[in-house]
Amino acid sequence: NAGVTQTPKFQVLKTGQSMTLQCAQDMNHNSMYWYRQDPGMGLRLIYYSASEGTTDKGEVPNGYNVSRLNKREFSLRLESAAPSQTSVYFCASLDRGLEQYFGPGTRLTVT
Amino acid sequence: EDQVTQSPEALRLQEGESSSLNCSYTVSGLRGLFWYRQDPGKGPEFLFTLYSAGEEKEKERLKATLTKKESFLHITAPKPEDSATYLCAVQLSGGSYIPTFGRGTSLIVHP
């Protein structure tokens, strides 16, 4: 089992560019999450998907869109990147015991 | 207002010097409390789940305990490899499975 995988690991964008962060899990979990982590702010939920075909906004959804492509994959899209979106992005999935499994993260810099 | 507060923000220990990290929560209707370890540049890694007051879980030098208002992560005779940020999260009983994370305690163990 690879667990939760994320691509890319690093990305530099210019203001206004768009990109999609990919996430996949092979643990047959129903729920998946996208977080951003900034120094001093902890983990903040961007979007959440309880199951295939459903998505809900989290604490900081502005500037982002998501797609739950199937049970395995949950992507995060930045349509027009802004410097405020410079952060580390983590994808996670939820096991039956309610613990989350996280991917290795994507480090995004917007200049 | 934070529902999950971790203290201290940072902790420096000498190898072998036991201590405890605190996670206090103000929510009612706790579904579960979770501890994670996060190494620099990596995603959080699940450690423990506690479901009810009085419950305890152990793993190597770590022991997690839970009361009605807080959880402690006790570290006995720590080693430098225990250096990491430790995150606490709570899930409320109810419909959605969205955890609330604390901001973490950064632990450094000096040899």
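As the structure is a computational prediction, the values presented were derived from the model and not from experiment. Here the residue index of a chain counts from 1 through its sequence in written order. Working convention: letters from A go to chains and numbers from 1 go to ligands, in the order in which they are written. Side-chain atom pairs in this predicted model are given and counted only at pLDDT of 80 or more, local residue features only at pLDDT of at least 70, and totals for whole chains, interfaces and linings cover all residues. In computing side-chain values, all of the structure's heavy atoms are included and hydrogens and water are not.

## Section: the overall build of chain A
Working step 1: Per the convention used, a helix needs a DSSP run of H or I reaching at least four residues, while a strand needs a run of E reaching at least two, with both numbered from the N terminus. The helix and strand tally for chain A stands at 0 helices and 11 strands.
Working step 2: Overall, chain A shows an N-to-C arrangement of helices and strands of β-β-β-β-β-β-β-β-β-β-β.
Working step 3: Using C-alpha atoms as the atom set, the radius of gyration is obtained and then compared with a globule rule of 2.2 Å times the number of residues to the power 0.38. Relative to the 2.2 N^0.38 estimate, which gives 13 Å for 111 residues, the radius of gyration of chain A is 13 Å and therefore close to what a compact globule would have.
Working step 4: Here the C-alpha coordinates of chain A stretch approximately 40 × 25 × 25 Å along the principal axes.
Working step 5: A buried classification covers 49% of the 111 residues belonging to chain A.
Working step 6: Computed with a 1.4 Å probe, the accessible areas rest on the Shrake-Rupley method; for each residue, only the protein chains presented here act as cover. Accessible area of chain A: about 5100 Å², with a carbon and sulfur share of 48%.
Working step 7: For the purpose of counting charges, residues Lys and Arg are taken to be positive, whereas Asp and Glu are taken to be negative. His and the chain ends are not included. The atoms used to mark charge sites are NZ of Lys, CZ of Arg, CG of Asp and CD of Glu. Charge separation in chain A, taken as the distance between the mean sites of 11 positive and 9 negative side-chain charges, equals 6 Å. Throughout this description, buried means an accessible area under 20% of the type-specific maximum (1.4 Å probe, protein chains only), exposed means over 50%, and partly exposed covers the range between.

## Examining the interface of chain A and chain B
Working step 1: Each partner contributes to the interface: chain A provides 20 residues, whereas chain B provides 19 residues.
Working step 2: Across the chain A/chain B interface, buried area totals approximately 1500 Å², and carbon plus sulfur atoms make up 61% of it.
Working step 3: In short, buried area is how much 1.4 Å probe accessible area vanishes from two parts on joining, totalled over both. The largest per-residue losses of area from chain A upon contact with chain B belong to A:Leu43, A:Leu98 and A:Phe102, which jointly make up 31% of the total buried on that side.
Working step 4: Distance and chemistry together define a polar contact, namely a pair of N or O atoms within 3.5 Å, with one atom able to donate a hydrogen and the other to accept it when in protein, and with adjacent residues in sequence counting only for side-chain atoms on both sides. Inspection of the region where chain A meets chain B yields 5 residue pairs in polar contact (both at pLDDT 80 or more).
Working step 5: Among the secondary structure elements, those contributing two or more residues to the side of chain A that touches chain B are β4 (32-38), β5 (42-49), β9 (87-94) and β10 (100-102) of chain A.
Working step 6: Looking at the side of chain A that touches chain B element by element, the count peaks at 4 residues for β5(A).
Working step 7: Charged residues are taken to be Asp, Glu, Lys and Arg, nonpolar residues to be Ala, Val, Leu, Ile, Met, Phe, Trp, Tyr, Cys and Pro, and polar residues to be all remaining types, Gly included. Looking at the side of chain A that touches chain B, its residues break down into 12 nonpolar, 6 polar and 2 charged. Contacts: residue pairs with any heavy atoms within 4.5 Å of one another.

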